[in-house]
Amino acid sequence: MPLPPSVAAGPLSHAILRVARVHRMLAGQLLRRVGLHPGQELVMMQLWDRGPQRQTDLVRLLDSDAATMTRTVQRLENAGFVRRRPSPSDKRATIVEPTAASNALRQEVERAWLDLEASTVNDLTPKEQAEVLEVLGRIEGSLTRAAAQLD
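Scoring rules and cut-offs
Residues numbered from 1 in each chain as written. Predicted model: local features only at pLDDT ≥ 70, side-chain atom pairs only at ≥ 80, totals over all residues. Heavy atoms only, no water. Helix = DSSP H or I, 4+ residues; strand = E, 2+ residues; numbered from the N terminus. Buried < 20%, exposed > 50% of the residue type's maximum accessible area, 1.4 Å probe, protein only. Contact = heavy atoms within 4.5 Å. Areas by Shrake-Rupley, 256 points an atom, 1.4 Å probe, with all protein chains shown as cover. Lys, Arg positive; Asp, Glu negative; His and termini not counted. Charge placed at Lys NZ, Arg CZ, Asp CG, Glu CD. Salt bridge = Lys/Arg side-chain N within 4 Å of Asp/Glu carboxyl O. Patch = residues over 30% accessible without salt bridge, like charges linked within 9 Å, V, L, I, M, F, W, Y side chains within 5 Å.

Asks: Describe the overall build of the protein chain, with residues and values.
Replies: Helices and strands together make up the secondary structure of the protein chain, namely six helices and three strands. In terms of principal-axis extent, the alpha carbons of the protein chain reach across some 55 × 40 × 30 Å. Across the 151 residues of the protein chain, 26% fall into the buried class. Summarising the internal contacts of the protein chain: among those between residues at least 6 apart in sequence, 49% fall at separations of at least 24. Counting every atom, the protein chain has about 10500 Å² of accessible surface; 56% of that belongs to carbon and sulfur. Where the 20 positive side-chain charges of the protein chain centre and where its 18 negative ones centre are 5 Å apart.

Asks: I'd like a rundown of the pattern of salt bridges, residues and numbers included.
Replies: Applying the stated criterion across every chain, the model contains 10 salt bridges. Each of Asp49, Arg106 and Glu110 takes part in a single network of salt bridges with overlapping partners.

Asks: If you had to explain a nonpolar patch on the surface to someone new, which residues and values would you point to?
Replies: The grouping of Leu124, Val132 and Leu136 at the surface amounts to a nonpolar patch, some 220 Å² of accessible area in total. You can call Leu136 partly exposed: its relative accessible area is 46%.

Encoded structure:
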């Protein structure tokens, strides 16, 4: 299908946006089965793999912003998947830790992530997958440099 004239100057950017939209939609469908929304699984993966974390460290690890992380952690806490407590060494910091309820979800989340990956690379050979990863890494680097120049 031909691109609309308004996006014809940026066909690669348009393709990236379309792929990201469909990928996020599928991730949402898979994660909804375990009671999570896209992005929440990334927080949980950090907590499962690294143990309790300061909320500010989660912001840095996930390249997020403080407001978004606060909302995400609040939603996870309301769902019973994380617990927040003050840091014993820094009263200004909050420690976020996974609960037993979230630990019970870990295998289901990992399965959803595997299913998402399988759907993503379904029609690609291992060589093509490696090539896509290399090209996406270069695109990410280029975009990161461009964003830094705008700051």
